[in-house]
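Inside the fold
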Amino acid sequence: RMFQIYGEMSPLQMMLIMNAFSMIFSFVTLVHQEELDKSLYFVYSHSEMYLHLFIFCLCSTIGQLFIFYTVKNFGALVFSIIMSIRILSSTILSCFVYSHPISELGFVGILIVFGSISYRIQRKTDGKPLLKWRDYQSNQQVMHEWHEHLDI
């Protein structure tokens, strides 16, 4: 909706605004809880933290670019589906790798989340396709050509 209301705003501008707010909010929180000096001292005394912080910032930036691209081109519903599936996959993977049990209440929570997402998909689409490709005929032709080349 933000991209529709403010059509001239680019994803990079939106990301800058969100990150500036996040930075100010984090700074105020660290100052309020008297943790800023401890955090800065830790980073200063552990020089390997600079590399870790740089990699963390780089990965966060790339991730945000993918998020904004997905929301702008496919909508918030598709993004929420992607994120919910990612969370479910990591939860299941964690259960298998680290032998974490899922309680009955956890299963109920998973069912509620995916049930509500399924309901939103059904309500939003009303029989229409969820994804709308820009140039459907061109994409269909490309897929047909790929299929012909692979079908040798």
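Anyway, here's the lowdown on the structure attached to this text. (Residues numbered from 1 in each chain as written. Predicted model: local features only at pLDDT ≥ 70, side-chain atom pairs only at ≥ 80, totals over all residues. Heavy atoms only, no water.)

Another point: the overall build of the protein chain. Within the protein chain, the regular secondary structure consists of seven helices and zero strands. Here the protein chain holds 152 residues, and 11% of them are scored as buried. A separation threshold of at least 6 residues defines the contact pool for the protein chain, and within that pool the share at least 24 residues apart is 56%. (Helix = DSSP H or I, 4+ residues; strand = E, 2+ residues; numbered from the N terminus. Buried < 20%, exposed > 50% of the residue type's maximum accessible area, 1.4 Å probe, protein only. Contact = heavy atoms within 4.5 Å.)

As a further point, take a nonpolar patch on the surface. Taken together, the side chains of Leu51, Phe54, Ile55, Leu58, Ile62 and Phe66 present a nonpolar region at the surface, about 630 Å² in accessible area. Along the chain, Phe66 falls in helix α4 (residues 49–74). (Patch = residues over 30% accessible without salt bridge, like charges linked within 9 Å, V, L, I, M, F, W, Y side chains within 5 Å. Areas by Shrake-Rupley, 256 points an atom, 1.4 Å probe, with all protein chains shown as cover. Salt bridge = Lys/Arg side-chain N within 4 Å of Asp/Glu carboxyl O.)

Our next topic: the pattern of salt bridges. Overall, the coordinates contain one salt bridge when judged by the stated rule. In this structure, Lys38 engages Glu35 in a salt bridge whose closest nitrogen and oxygen atoms are separated by 3.8 Å.

Within the secondary structure, Met14 is located in helix α2 (residues 11–32). On the basis of relative accessible area, Met14 is assigned to the buried category, the value being 10%. Taking the C-alpha atoms as reference points, Met14 and Phe68, separated by 54 residues in sequence, lie 8.6 Å from one another.

In this section: the packing of aromatic side chains. Enumeration according to the criterion identifies one aromatic pair in this entry. Relative to Phe25, the ring of Phe21 lies with its centre 6.1 Å away and its plane at 20 degrees, an arrangement referred to as stacked. Placement of both Phe21 and Phe25 in helix α2 is noted, with a separation of four residues, approximately one turn of the helix. Residue class for Phe25 comes out exposed when judged on its relative accessible area of 53%. (Phe/Tyr/Trp six-rings, centres within 6.5 Å; stacked < 30°, edge-to-face > 60°.)

Let us now look at the layout of surface pockets. A probe matching the size of a water molecule, rolled over the atoms, marks out where space remains unfilled. In this structure, the second largest pocket occupies an estimated 530 Å³ of space. As for the second largest pocket, its lining consists of 17 residues, of which Met23, Ser26, Leu53, Phe56 and Cys57 are closest to the centre. At the level of elements, α2, α3 (36–45) and α4 are the ones that each hand at least two residues to the lining of the second largest pocket. The element contributing the most residues to the lining of the second largest pocket is α2, with seven residues. (1 Å grid on protein atoms, 1.4 Å probe; cavity = no way out; pocket = protein on both sides within 12 Å on 5 of 7 lines; lining within 4 Å. Points joined across faces, edges and corners; volume = space filled by probe spheres on them.)

Here α4 crosses helix α5 (residues 76–98) at 135 degrees, and the two axes come no closer than 7 Å. Classed by the angle they form, the pair α4 and α5 counts as oblique. Across the interface between the two elements, Ile67, Thr70, Val71 and Phe74 from α4 touch Ala76, Val78, Phe79 and Ile82 from α5. Tallied by class, residues from the contact of α4 with α5 come to seven nonpolar, one polar and no charged. (Axes fitted to C-alpha atoms, helices over the stretch in contact; angles between N-to-C directions. Parallel < 35°, antiparallel > 145°, perpendicular 65-115°, else oblique. Nonpolar A, V, L, I, M, F, W, Y, C, P; charged D, E, K, R; others polar.)

Even without being glycine, Glu34 reaches a positive phi, approximately 55 degrees. In this structure, Glu34 sits in the loop between α2 and α3. Unlike most non-glycine residues, Ser99 shows phi in positive territory, near 55 degrees. Judged by relative accessible area, which is 61%, Ser99 ranks as exposed.

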